[in-house]
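Topology and contacts: notes
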Amino acid sequence: MSAFRLERRGGVAIIMFDQPGSSVNTISPAVGWEFEELLERLAHDDKVNSIVIASAKPDTFIAGADIEEFARLTTVEDAQRLSRDGQLLMQRIADSSKPVVAAIHGVCLGGGLELALACRYRLATSHPKTLLGVPEIQLGLIPGAGGTNRLPRLVGLRAALDLILTGRKVDSGKARRIGLVDDVVPEAILLDTATAVAERLAGGWKPKRPGRGFLAFLLDSTPLGRMFVLGKARDQVEQKSGRNYPAPYRAIEVLRTSNDRGLKRGLEVEAEAFGELAMTDVSRRLVEVFFATTALKKDDGVPAGSGAERTVQRLGVVGAGFMGSSIAGTAVLKAAVQVRLKDADLPRVGRGIQHAEQVLRTQLKRRRLTKFEFTRQRALITGTDDWSGFARADLVIEAVFEELGVKRQVVGDLEAVVESDAVIATNTSTIPIGEIAAGARNPERIVGMHFFSPVDRMPLLEVIPHEGSAVDPVITAVRFGRRMGKTVIVVGDSPGFWVNRILTPYLNEAGFLLEDGIPMEAIDRVMTDWGFPVGPIELLDQVGLDVAEKAGMVMHAAFGSRFTPSRIFQLLRADDRLGRKNGRGFYRYRNGKRDAPDPGIAKLVGVENRSDFDKDKVRERLVHAMLNEAAMAMSEGVVRLPRDGDIGAIFGIGYPPFRGGPMRTLDAIGTVEVVGTLDRLRKECGERFAAAAVLQEMARTGARWYPNGGRR
Amino acid sequence: MPIDPAGRRAVVIAGLRTPFAKAGTVFRDNTASELARHCTRELLYRTELAGDQVSEVIYGQVVPSPLVPNVAREVALLPQFPKTIPAYTLNRACASSAQAVANAADQIHAGRAEVVLAGGVEMLSDVPILFSRKFARVLQAAARAKSLGQRIGAFSSLRPRDFKPVAPAIAEPSTGMTMGDSAEKMAKENGISRIEQDEYALMSHQRAAAADRDGRLAAEIAPWFTGAGNDTVVRSDNLIRPDTSIEALSRLKPVFDRRHGSVTAGNSSPLTDGAATVLMMSEEKAASLGYKPLVAVRSHAVAAVDPGWQLLMGPAYAVPMALERAGLTWNDIGVFEIHEAFAAQVLSNVQAWGSAEWADRLGLSGPVGEVDWDRTNLMGGSIALGHPFAATGARLVTTLAHLMVERGEQFGLVSICAQGGMGFAMILENVQ
């Protein structure tokens with residue numbers, strides 16, 4: 001079946017891209033060949049003087065290259081060939097004797113934007129769903145169908161660097177300002193305008209592209225300026241993500257060559273770089289993570305078809321504190337549901353409403369919400385000190401104080417007011433859901449929803465059914481979490497669930513390292529070098545030392561001596577150190593920002609900071625504490641699939657995405673070696689490093705967490 | 001025209017208002033639409049009503065903002081509603097939200113609506129301030145000017161006095177007399193003494209203060225969040241003076257006639273911000289949704305007098321009309337709510353209702369009725385609570401409905417005097 005439909009308006013041929021059997025258009029070799037054939041035919045068609053490319057899909061122009069194709073590549077040569085084929089296709093479009101106009105409505109990403117870049121003229125709709133970008137960097141790649149070369153030629157070096165190195169998407173307004181598109185029109189007149197432009201171009205019209213000013217000329221168009229800009233970009237990359245990701249460096253290199261030695265040579269190095277990057281472990285892992293996240297979006301954590309969602313239109317939130325109000329604000333922002341916020345007294349409710357609105361206000365300030373959207377959305381949040389407005393709630397999330405008695409009381413009160421099949425979710429990080437549900441009249445409609453703080457920024461949500469949870473409440477919680485913009489994993493009702501389970505031994509180990517006299521900044525540095533966004537000590541400060549201590553004690557009680565907390569946490573709590581929130585933690589804080597390590601800590605702990613330590617050993621202890629626990633929890637079925645465990649670690653604690661998650665890391669290191677290291681650490685540091693039974697078993701049988709080594 | 005008791009009846013399910021606040025205080029930085037939306041939205045949640053059940057929104061506003069001429073539509077565009085609910089804003093002066101309730105009842109009675117939100121709002125902290133007509137003309141000319149020269153030229157004719165802004169006054173356009181002037185006139189012509197007025201005002205404050213203390217007022221108020229931390233909660237009206245006394249009231253100087261007058265700030269209703277909404281349904285709809293209505297609308301009437309005569313005497317005509325339409329007499333009524341624009345006005349109306357001479361004038365066989373103060377304005381009135389013009393009617397309907405149910409009275413009456421010489425009356429019937 002053909003992916004293209006041809007329409008004619010006078011001398012203009014309109015190519016409608018409409019990939020069969022798919023809701024979006026993607027670029028693959030097969031599509032490419034068909035497109036080239038079509039261009040060839042039109043080139044010899046005397047009735048045609050110009051061409052418009054548009055999409056027949058709703059809200060998508062072209063979503064990008066088919067990533068399945070990338071994943072099938074096995075050699076650098078194959079990958080380079082794929083890149084060169086793409087480049088050739090784009091070159092055909094660029095060289096077309098009949099002018100080609102891109103009529104863009106909806107997302108125009110990656111290969112889609114590269115195609116648009118090869119056109120003579122780009123017209124985009126003003127619709128908010130029209131977004132343009134080259135997100136390849138997020139897969140550890142660079143635009144490989146000529147984009148890395150054509151983008152700077154169109155928008156200038158700095159704008160091109162920004163788009164390529166961040167992978168961010170821009171709306172059509174911004175695209176027009178930087179020169180990425182030539183004009184922006186309402187959707188209703190897109191094809192008419194594109195046709196008219198095509199006719200004019202066929203008649204010899206040369207659209208004028210406005211200059212970008214003197215400073216832009218200096219920086220983008222003079223050798224000295226370009227050297228400065230490229231050097232600066234390199235420094236920024238190094239500062240932001242270190243040396244763990246090769247793609248940004250390769251992108252800068254291609255941009256340099258393309259600029260110094262021309263398009264032809266630029267395209268050659270672009271294909272070379274693309275091919276080599278596609279075969280790196282980093283890119284492989286990032287592509288796997290991409291597939292895993294995509295698969296999770298369709299997986300409700302229960303067998304497909306086993307139940308039905310209760311579509312949430314009205315949300316109740318009990319507890320107007322930091323957590324409850326953040327949940328309320330995020331729910332309104334992302335899912336536009338009505339939120340009724342309840343607390344014991346109205347002043348607390350008022351503060352909660354204000355905090356929830358703050359989530360919206362931040363978006364208003366960043367111009368991601370208009371004033372009118374803001375007004376409409378904030379009107380969705382109301383508050384009360386009684387249970388009025390809860391009777392028709394589809395879902396109620398309680399986020400009251402972490403104490404079993406209080407939570408049970410809330411569940412009891414709620415059951416008296418909500419409909420019998422409304423879902424009650426409890427937000428807890430330490431209390432088993434089964435215990436909260438134990439006294440309930442309808443325990444089957446109770447599930448756990450473990451949000452991470454700050455809710456509006458943390459991308460993960462753990463949904464926790466207890467033993468007696470019915471299926472529908474789980475689906476309802478998972479789907480609503482997704483509407484709140486979260487990546488959702490369904491995890492077992494065991495202490496710490498998944499994320500805190502694997503995090504606790506890691507944070508404990510950081511405490512033991514401090515006890516051994518390793519300086520905190522060294523501990524943090526080792527892990528940020530390994531790819532974590534923050535190190536464990538700084539993370540403790542962020543989580544809050546009271547919260548961490550309480551969680552640590554719960555875990556210790558549940559799992560015994562393996563989870564014995566470092567004595568340091570208690571010492572700090574006794575010294576009224578709560579972390580960032582009271583400005584006193586391991587680090588010092590100035591205006592809420594992290595400052596230098598607090599020199600008082602060494603005295604408090606009573607050890608001298610050492611300088612003679614082995615960084616590899618430090619890393620080994622931290623990483624293996626987490627990996628060992630992950631294997632143990634996985635074998636207990638805390639998460640259903642290694643995929644869920646990996647995604648949970650990446651989105652929940654910032655586990656380095658390019659390492660694919662702890663289960664991928666275990667496979668990468670090899671179980672035999674992991675067990676060997678654990679045995680050694682056990683001798684050196686203690687029983688807590690006793691290798692998980694499942695690892696010992698896997699080391700014997702040679703089994704892997706991802707048996708086919710495979711992509712999924 | 002008594003309403004056919006076998007026909008469709010319009011019933012009141014519940015009512016809710018914002019706190020009433022002296023203009024320029026609590027709501028200084030807010031808009032009318034915010035107040036109207038706040039109490040309507042909270043009413044929706046307290047009644048657990050689904051937004052898509054609402055067929056129409058009717059709202060009153062006497063001094064609308066030129067930026068939001070149809071505040072009713074802004075209420076209907078709350079995100080809790082579908083965007084497809086029609087809405088209009090009306091102006092029957094101080095009877096506006098009572099008129100909104102009456103119109104809602106008529107719509108329901110005629111079978112054109114099932115669920116209507118009726119209410120009113122006044123935001124006297126945000127009255128439009130106008131430029132002089134001349135300045136406005138110059139601005140328009142400047143906007144049309146084709147050259148800089150023309151534009152400057154347009155401004156050259158202005159004199160300093162033309163820049164003086166014009167604030168709207170509460171004066172009758174047809175006579176130039178303010179409300180206060182009219183109240184003075186009525187006090188003098190009807191022989192209402194200063195002490196009678198002050199005693200009346202004292203009763204209003206004392207009754208309001210009692211209703212505030214025992215929570216009867218709070219039950220009708222949607223708490224308002226304000227302050228830097230949004231944690232200052234306003235849940236009562238800020239104009240009630242629980243500690244005022246006859247001595248304090250009698251010390252006040254007359255405002256409108258300094259030498260021979262008796263109308264003071266103490267025995268008049270103050271300039272107030274506030275909004276109030278009433279949820280109305282057809283009796284059948286209420287039953288099918290499982291609501292227990294408070295009262296039904298039995299009849300309503302509106303009359304007008306020559307504004308140059310006694311401006312606030314409209315109720316003297318409207319009340320007998322409403323009684324006749326209801327097929328009832330004064331003595332059938334168990335509870336009364338009379339809007340208190342001025343003590344002098346209330347006492348003048350009362351005088352007329354009780355007078356044989358007035359009955360003659362209307363062609364009635366005897367006086368309309370004697371007011372029993374133990375059945376009238378039991379929770380205080382506009383003098384103590386404040387009078388956001390278009391919100392007062394909905395407040396009176398809500399309070400009256402609650403009092404009728406609480407006291408088990410079969411019939412209740414609302415009486416409102418309004419600018420322009422108009423009077424409004426409505427009779428409610430207990431359906432519980």
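Scope of this entry: the structure provided in the associated data block.

Calculation rules
- Residues numbered from 1 in each chain as written.
- Chains lettered and ligands numbered in written order.
- Predicted model: local features only at pLDDT ≥ 70, side-chain atom pairs only at ≥ 80, totals over all residues.
- Heavy atoms only, no water.
- Helix = DSSP H or I, 4+ residues; strand = E, 2+ residues; numbered from the N terminus.
- Rg over C-alpha atoms; globule rule 2.2 N^0.38 Å.
- Buried < 20%, exposed > 50% of the residue type's maximum accessible area, 1.4 Å probe, protein only.
- Contact = heavy atoms within 4.5 Å.
- Areas by Shrake-Rupley, 256 points an atom, 1.4 Å probe, with all protein chains shown as cover.
- Lys, Arg positive; Asp, Glu negative; His and termini not counted.
- Charge placed at Lys NZ, Arg CZ, Asp CG, Glu CD.
- Core = buried A, V, L, I, M, F, W, Y, C linked by side-chain atoms within 4.5 Å.
- Disulfide = S-S within 2.5 Å.
- Expected span 1.5 Å × (residues − 1).
- Phe/Tyr/Trp six-rings, centres within 6.5 Å; stacked < 30°, edge-to-face > 60°.
- Lys NZ or Arg CZ within 6 Å of the ring centre and 35° of its normal.
- Pairing = 2+ DSSP bridges.
- Axes fitted to C-alpha atoms, helices over the stretch in contact; angles between N-to-C directions.
- Buried area = accessible area lost by both parts, 1.4 Å probe.
- Salt bridge = Lys/Arg side-chain N within 4 Å of Asp/Glu carboxyl O.
- Parallel < 35°, antiparallel > 145°, perpendicular 65-115°, else oblique.
- Nonpolar A, V, L, I, M, F, W, Y, C, P; charged D, E, K, R; others polar.
- Arc of directions from axis to C-beta.

A few words now on the overall build of chain A. Each helix and strand counted, chain A has 29 helices and 22 strands in total. Compactness check: chain A gives a C-alpha radius of gyration of 28 Å against a globular reference of 27 Å for 712 residues, within 12% of the reference. If you line up chain A on its principal axes, its C-alpha atoms span 80 × 65 × 55 Å. For chain A, buried positions account for 56% of its 712 residues. Of the contacts made within chain A by residues no fewer than 6 positions apart, 74% connect residues no fewer than 24 positions apart. When the accessible surface of chain A is summed, it comes to about 30100 Å², and 52% of that surface belongs to carbon and sulfur atoms.

Looking now at the overall build of chain B. Helix and strand content of chain B: 14 helices and twelve strands. Here chain B has a C-alpha radius of gyration of 22 Å; the compact-globule value for 432 residues is 22 Å, and the two agree. Once the C-alpha set of chain B is aligned to its principal axes, its extents read approximately 75 × 55 × 45 Å. Looking at chain B as a whole, 57% of its 432 residues qualify as buried. Put simply, of all contacts in chain B between residues at least 6 apart along the chain, 79% involve residues at least 24 apart. Summing over all exposed atoms, chain B offers an accessible surface of approximately 17400 Å²; the carbon and sulfur share of this is 53%. Counting 41 positive and 44 negative side-chain charges, chain B places the averaged centre of each group 10 Å from the other.

Once that is clear, we can look at the nonpolar core. All names here are of chain A. Within the largest apolar cluster, 89 residues are counted, with the highest numbers of intra-cluster contacts made by Leu-414, Trp-498, Phe-586, Leu-695 and Trp-705. Residue contributions to this core peak at eleven residues, all from helix α25 (residues 615-635). Leu-414 has contacts with Val-318, Trp-387, Phe-390, Val-396 and Ile-424, leaving out every residue within four places of it along the chain. Judged by nonpolar contacts, the second largest core, of 75 residues, contains Ala-3, Ala-102, Leu-139 and Val-269.

Glancing now at the state of the cysteines. Residue and element names in this part refer to chain B. Here the structure, examined in full by the defined rule, presents zero disulfides over all chains. In this structure Cys-39 is a free cysteine whose sulfur lies 18 Å from that of Cys-94, the closest cysteine sulfur available. You can call Cys-39 buried: its relative accessible area is 0%. Cys-94 provides the cysteine sulfur closest to Cys-417, a residue in no disulfide bond, and the two sulfurs are 6.5 Å apart.

On to helix α19 (residues 499-515) of chain A, then. Residue and element names in this part refer to chain A. For α19, with 17 residues, the first-to-last C-alpha span of 25 Å sits near the 24 Å given by 1.5 Å per residue. In terms of burial, α19 is largely enclosed, as 16 of its 17 residues are buried. Positioned one or two residues after α19, Gly-517 has a phi angle of 90°, which is positive.

Moving on to the packing of aromatic side chains. Here the structure, examined in full by the defined rule, presents 20 aromatic pairs over all chains. A ring pair is formed by Trp-330 of chain B and Trp-353 of chain B, whose centres lie 5.5 Å apart and whose planes are at 50°; its orientation type is tilted. Of this pair, Trp-330 of chain B sits in the loop between α10 (314-326) and β10 (335-338) while Trp-353 of chain B sits in helix α11 (residues 343-353), and the two are 23 residues apart along the sequence. Taken as a pair, Trp-330 of chain B and Trp-353 of chain B share a single burial class, namely buried. Taken together, the ring pairs connect Tyr-506, Trp-530, Phe-532 and Tyr-655 of chain A into an aromatic cluster. Its guanidinium or amino end placed over the ring of Phe-401 of chain A, Lys-550 of chain A lies 5.7 Å from that ring's centre, counting from NZ or CZ.

Residues and elements named next belong to chain A. Read from one edge to the other, the open sheet built from six strands follows the order β1-β2-β4-β7-β9-β12, with strand pairing classed as mixed. The open sheet is flanked by β1 (4-9) and β12 (183-185), the only strands paired with a single partner. Mean inter-strand twist for the sheet, computed between neighbouring axes without regard to direction, equals 25°. Here helix α8 (residues 190-202) sits on the sheet and contacts β1, β2 (12-17), β4 (50-55), β7 (100-104), β9 (121-125) and β12; the angle it forms with β4, its principal contact strand, is near 155°.

Our focus in this paragraph is the environment of Gly-204 of chain A. Positionally, Gly-204 of chain A belongs in the loop between α8 and α9 (214-221). In this structure, the C-alpha to C-alpha distance between Gly-204 of chain A and Asp-18 of chain A, residues 186 residues apart in sequence, is 30 Å.

Turning next to the interface of chain A and chain B. Where interface size is given, it is often the accessible area lost as the parts come together that is meant. Tallying the contact residues gives 25 residues for chain A and 23 residues for chain B. Here chain A and chain B share an interface that buries about 1900 Å² over both sides, 50% of which is from carbon and sulfur atoms. Across the chain A-chain B interface, the total number found is two salt bridges. In this structure, Asp-231 of chain B engages Arg-351 of chain A in a salt bridge whose closest nitrogen and oxygen atoms are separated by 2.6 Å.

All names here are of chain A. With their axes 6 Å apart at the nearest point, helix α21 (residues 536-543) and helix α22 (residues 545-559) run at an angle of 100° to one another. Between α21 and α22, the angle is such that the two are roughly perpendicular. Of the residues in α22, those in contact with Leu-540, Asp-541 and Val-543 of α21 are Leu-545, Val-547 and Ala-548. A class-by-class count of the residues in the contact of α21 with α22 yields five nonpolar, no polar and one charged.

Below, the discussion takes up α22 of chain A. Residue and element names in this part refer to chain A. For α22, built from 15 residues, the straight-helix expectation of 21 Å at 1.5 Å per residue is met to within 8% by its first-to-last C-alpha distance of 20 Å. Within α22 the residues assigned to the buried category are Leu-545, Ala-548, Glu-549, Ala-551, Gly-552 and Met-555. Considered in projection along α22, the buried side chains sweep an arc of 165° and stay on one side of the axis. Of the surrounding secondary structure, the elements contacted by the buried residues of α22 are α19, α21 and α23 (567-574). Downstream of α22 by one or two residues, Gly-560 has phi in the positive range, about 80°.

One can find Arg-285 of chain A in helix α12 (residues 281-297). Excluding its chain neighbours within four sequence positions, the residues that come into contact with Arg-285 of chain A are Pro-657, Phe-658, Arg-659, Gly-660 and Arg-664 of chain A.

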